[in-house]
Structures are given as C-alpha cells and as structure tokens.
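Structural description and commentary
What follows is each chain in one-letter form.
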Amino acid sequence: MKTRAEILLVEDNANDLELMRRSFRHHRLASALVVARDGVEALDYIFGSADKAGTSHTPKVILLDLKLPRLDGVEVLRRLKADERTQKIPVIALIASEKDSERLKRDQLPVSGYLVKPVDFQNFARAVSKAGLDWMIAEANS
C-alpha cells in the first residue's frame, strides 16, 4: 500500500474494485486511492500494526464495504467511531442494494452516506457532496 491515502477503499470484490479504480483514474483521483481488501487490513493500515512498525495513516474519507472477509465492515466502522483519532473521518458505506440502506438506518450505523455498488464516479461525487466533502474532489483535481 502507499504511505498516505486521501481515500481508503475497503473492498474485497475484484470486479467492483476494478470498476471503482477505472472511475477514479478517469476523474484523476486514482493517485489518492489506497485499497484494503478486508477489515483487518483496513484497521492495520489506519492504526498501524506491530509487523509494520506501527505506521498509521489517516485518510480523508473511507469507502467501506460492509460485507468483508475476516472482519466485517460493521465492526470496522464501530472500531473507527470508538477511537478519538478516527471517529471524525467520514465513512461512506458501500452496499449491495438500496434495501441495505434500511439496515444502516435500523442499526443506526454512523456513516456519512452510502453508495450502492457498483460505484461509478458520478454516484461517488453525489455521495461525497451529500456528506459535505465537496472540498475533497476539488482538492484532488487541483
């Protein structure tokens, strides 16, 4: 992984990942993108791990698939929001269908927004705007 992320994408599905990478490349955000393929890898990246000399990273936004191997996205979200170092990082949930948004509401999961996969740039930009993160796209494109 790169040393610093503007956007941390936590996604295990190779097809969804490739679609998002293409979209981000097309809109010149690919250099800001770091990928973690499961919840454990995401938390290791953010908080650092003993085997990586404790190096931690603070992305500006996290795109988080809720259905992940090893440690699911809901648990990753809970750990992020429980830690004062990371509780203010905006998290946009990646969900499989609009029905999954009901779970977000029902379980009162503290996300800044959500995107239905597959994610294209226009939907990402709308979710970012809705979450009040327009500055991120403007900064990345400047």
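Summarising burial for strand E3 (residues 61-65): five of the five residues are buried, a large majority. Of the two faces of E3, the one carrying Val 61, Leu 63 and Asp 65 and the one carrying Ile 62 and Leu 64 are both buried. Where strand E1 (residues 7-10) and E3 come together, four bridges link them in parallel fashion. Its bridge partner lying in E3, Ile 7 is registered against Val 61. Of the strand pairs in this sheet, E3 and strand E4 (residues 91-95) are connected by four bridges, and their pairing is parallel. Bridge pairing links Asp 65 to Leu 94 in E4. Handedness of the crossover is the feature at issue here: the chain leaves E3, passes through helix H3 (residues 73-82), returns alongside E4, and the resulting connection is right-handed.

Bringing the environment of Gln 87 into the picture now. In this fold, Gln 87 is placed in the loop between H3 and E4. For the pair Gln 87 and Leu 77, spaced 10 residues apart in sequence, the C-alpha to C-alpha distance is 9.1 Å. Discounting chain neighbours no more than four positions away, the residues touching Gln 87 are Leu 80 and Lys 81.

As for its placement among the helices and strands, Lys 81 is situated in helix H3. C-alpha of Lys 81 to C-alpha of Leu 109: the two residues are 28 residues apart in sequence and 9.8 Å apart in space. Once residues within four sequence positions are removed from consideration, Lys 81 is found in contact with Gln 87, Ile 89, Val 91 and Pro 110. Among the polar contacts listed, one links the side chain of Lys 81 to the backbone oxygen of Ile 89, at a separation of 2.8 Å.

Another aspect to go through is unusual backbone geometry. Peptide bonds are trans in most cases, and residues, glycine excluded, mostly fall at negative phi. Even without glycine at this site, Arg 70 takes up a positive phi of about 65 degrees. Following the sequence through the fold, Arg 70 ends up in the loop between E3 and H3. Look at Arg 70 and you get exposed, because its relative accessible area is 62%.

So, how was this worked out
- Residues numbered from 1 in each chain as written.
- Predicted model: local features only at pLDDT ≥ 70, side-chain atom pairs only at ≥ 80, totals over all residues.
- Heavy atoms only, no water.
- Buried < 20%, exposed > 50% of the residue type's maximum accessible area, 1.4 Å probe, protein only.
- Helix = DSSP H or I, 4+ residues; strand = E, 2+ residues; numbered from the N terminus.
- Pairing = 2+ DSSP bridges.
- Right-handed = clockwise from strand over helix to strand, strands pointing away.
- Contact = heavy atoms within 4.5 Å.
- Polar contact = N/O pair within 3.5 Å; in protein donor to acceptor, adjacent residues only side chain to side chain.

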